[in-house]
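An overview of the molecular structure
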Amino acid sequence: MLLGPRLVAAAAAVAVVAMGTVEGCPALCTCRGQVVDCSGQRLFSVPPELPLDTGNLSLAHNRIASIPPGYLACYGQLRALDLRNNSLAALPAGLFVGARRLAHLDLSYNNFSLVPADMFLEAGGLLRLDLSHNPGLRRVHPQAFRGLAQLRELDLSYGGLSAISLDALEGLPGLVGLRLGGNPWVCGCAMEPFLKWLRGRIQRCASDSQMAECRAPPEVAGAPLLSLTEESFQACHLTLTLDDYLFIAFVGFVVSIASVATNFLLGITANCCHRWSKASEDEDV
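Since we're looking at a predicted model, the values are computed, not measured. (Residues numbered from 1 in each chain as written. Predicted model: local features only at pLDDT ≥ 70, side-chain atom pairs only at ≥ 80, totals over all residues. Heavy atoms only, no water.)

**A look at the packing of aromatic side chains**
To keep it simple, the criterion reads: Note on aromatic pairs: the rings of Phe, Tyr and Trp (six-membered ring only in Trp) are paired at centre separations within 6.5 Å, and the planes decide the class, stacked below 30 degrees, edge-to-face beyond 60, tilted for the rest.
Per the stated rule, a full pass over the model turns up 5 aromatic pairs. Feature note: the residues F96, F120 and F145 constitute an aromatic cluster, connected by ring pairs.

**A look at a nonpolar patch on the surface**
The condition that has to hold: What makes a patch is a set of residues exposed beyond 30% relative accessible area and free of salt bridges, joined within 9 Å when like-charged and within 5 Å when nonpolar (Val, Leu, Ile, Met, Phe, Trp, Tyr). Values of accessible area rely on a 1.4 Å probe in the Shrake-Rupley scheme; residue burial ignores everything except the protein chains shown. By salt bridge we mean one thing: a side-chain nitrogen of Lys or Arg within 4 Å of a carboxyl oxygen of Asp or Glu. Here a strand is any run of E in DSSP of at least two residues, a helix any run of H or I of at least four, and the numbering for each starts at the N terminus.
Where nonpolar side chains cluster on the molecular surface, the patch consists of F264, L265 and I268 and spans about 320 Å² of accessible area. As for its position among the elements, F264 is in helix α4 (residues 242-284).

**Quick notes on the state of the cysteines**
Selection rule: Cysteine sulfur atoms are paired as a disulfide whenever they come within 2.5 Å of each other. Exposure categories follow from relative accessible area, calculated using a 1.4 Å probe and restricted to protein chains: below 20% of the type maximum is buried, above 50% is exposed, and the middle band is partly exposed.
Counted according to the given criterion, the structure contains 4 disulfides. Between the sulfur atoms of C25 and its disulfide mate C31 the distance is 2.0 Å. Taking the torsion about the S-S bond as the criterion, the C25 to C31 disulfide, at about 85°, is right-handed. C25 gets classed as buried once you look at its relative accessible area, which sits at 13%. In this model C29 forms its disulfide with C38; the gap between the sulfur atoms is 2.0 Å. One disulfide, between C29 and C38, carries an S-S torsion of 110° and so falls in the right-handed class. Its relative accessible area of 0% is what places C38 among the buried residues.

**Focus on the side chain of N110**
Keep this limit in mind: Any pair of N or O atoms that falls within 3.5 Å is considered a polar contact. Within protein, one atom must be able to donate a hydrogen and the other to accept it, and sequence-neighbouring residues count only if both atoms are side-chain atoms. Any pair of residues with heavy atoms lying within 4.5 Å of one another is described as a contacting pair.
Structurally, the position occupied by N110 is in the loop between β5 (104-106) and β6 (114-115). Among the polar contacts listed, one links the side chain of N110 to the backbone oxygen of S108, at a separation of 3.1 Å. Among residues more than four places away in sequence, those in contact with N110 are L83, R84, N85, N86, S87, L88, H133, N134 and P135.

**A word on the pattern of salt bridges**
When their charged atoms lie close together, side chains carrying opposite charge are able to pair. This model, assessed by the stated rule, comprises 7 salt bridges. Linking D82 and R84 is a salt bridge whose minimum nitrogen-to-oxygen distance equals 2.7 Å. Classification of D82 by relative accessible area gives buried; the value is 14%. For E153, the salt bridge identified is with R128, shortest N-O distance 3.3 Å. Linking E153 in strand β9 (residues 153-155) with R128 in strand β7 (residues 128-130), this pair joins segments that are 25 residues apart in sequence. Looking at E153, the relative accessible area reads 38%, which means it is partly exposed. What you see here is one network of salt bridges that share partners, running through D82, R84 and D106.

**Looking at the environment of N110**
What makes N110 buried here is its relative accessible area of 2%. Polar contacts involving the side chain of N110 include one to the main-chain carbonyl oxygen of L83, which spans 3.1 Å. Within the structure, the side chain of N110 is placed 3.1 Å from the backbone oxygen of L107, a separation counted as a polar contact.

**Comments concerning the nonpolar core**
It is characteristic of soluble globular proteins that their nonpolar side chains tend to be buried jointly. Quick note on the threshold: Residues belong to one nonpolar core when they are buried, are Ala, Val, Leu, Ile, Met, Phe, Trp, Tyr or Cys, and are joined through side-chain atoms within 4.5 Å.
Formed by 64 residues in total, the largest nonpolar core has its most connected members in L107, F120, L129, F145, L154 and F194. For this core, the secondary structure elements donating two or more residues are α2 (166-170) and α3 (192-201). A per-element tally of this core places α3 first, with 4 residues. For L129, the contacting residues outside a window of four places in its chain are L105, L107, F120, F145, L148, L151, E153, L154 and D155.

**Brief notes about unusual backbone geometry**
Residue P217 is bonded to the preceding A216 through a cis peptide linkage, with omega at -5°. A positive phi angle is found at Y109, which is not glycine, with a value near 55°. Looking at where Y109 falls in the secondary structure, it is placed in the loop between β5 and β6. Here Y109 falls in the partly exposed class, since its relative accessible area comes to 44%. At H133, a position not held by glycine, the phi torsion is positive, near 55°. Its location among the elements puts H133 in the loop between β7 and β8 (139-140). You can call H133 partly exposed: its relative accessible area is 27%.

Keep in mind these numbers describe shape, not what the thing actually does.
Here you go:
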């Protein structure tokens, strides 16, 4: 059966489009418009090349442990990058050079233990950053979020953080959402500046701080962060005057004299007992 000219032309056009899609889209990924979805493919490495106009890239639910330096340099249209549920423990320096439009970055459910200084310096357009569910995350460098003046949402929940530097958050003037719950916070004296800042921001910064609880010290274990007031930290501000030091020195001197006197009396008593016992033995003889 012969095909009409219009049908042949349509079939040819479909074939050309299909060939273009296969050539531009990485293996094991699906591409629709500017969306490239490579999630759940058990990938151990990132696709070597992506369509240059990629705007939304999902590499979630794979086994990726590292990303090559400069991987995003050619993708200036990228606005969302999903790397959740992989095996990442670090990101290479300069990863975000060229990705100036990146606004959403999901690094949750990975193996990060540290957020180093200037980790996102080149990603100045970020609006949302998710670092939640990294159970080994123990430290956030004071300069970790430098350059993220536009960041609006930051998720640090369900990690291993016991403390966080106030410097790391003070440089985020646009922050309106902060999630901290699920971390083993140590609410000691070093935590006071951060809690003061958090109380001051709570009116304009949506936070799950009621879910964030102290793990230590024992006297406040289980208490929500915002339940701690200035009175909770009164002991941190106790200072000793000269009179206090003189009194402590005097008490120490008295205790020392008393100790010497006690030892002297015990020695005399022991000597007397020894002589009395010897005298009793001589009388019996």
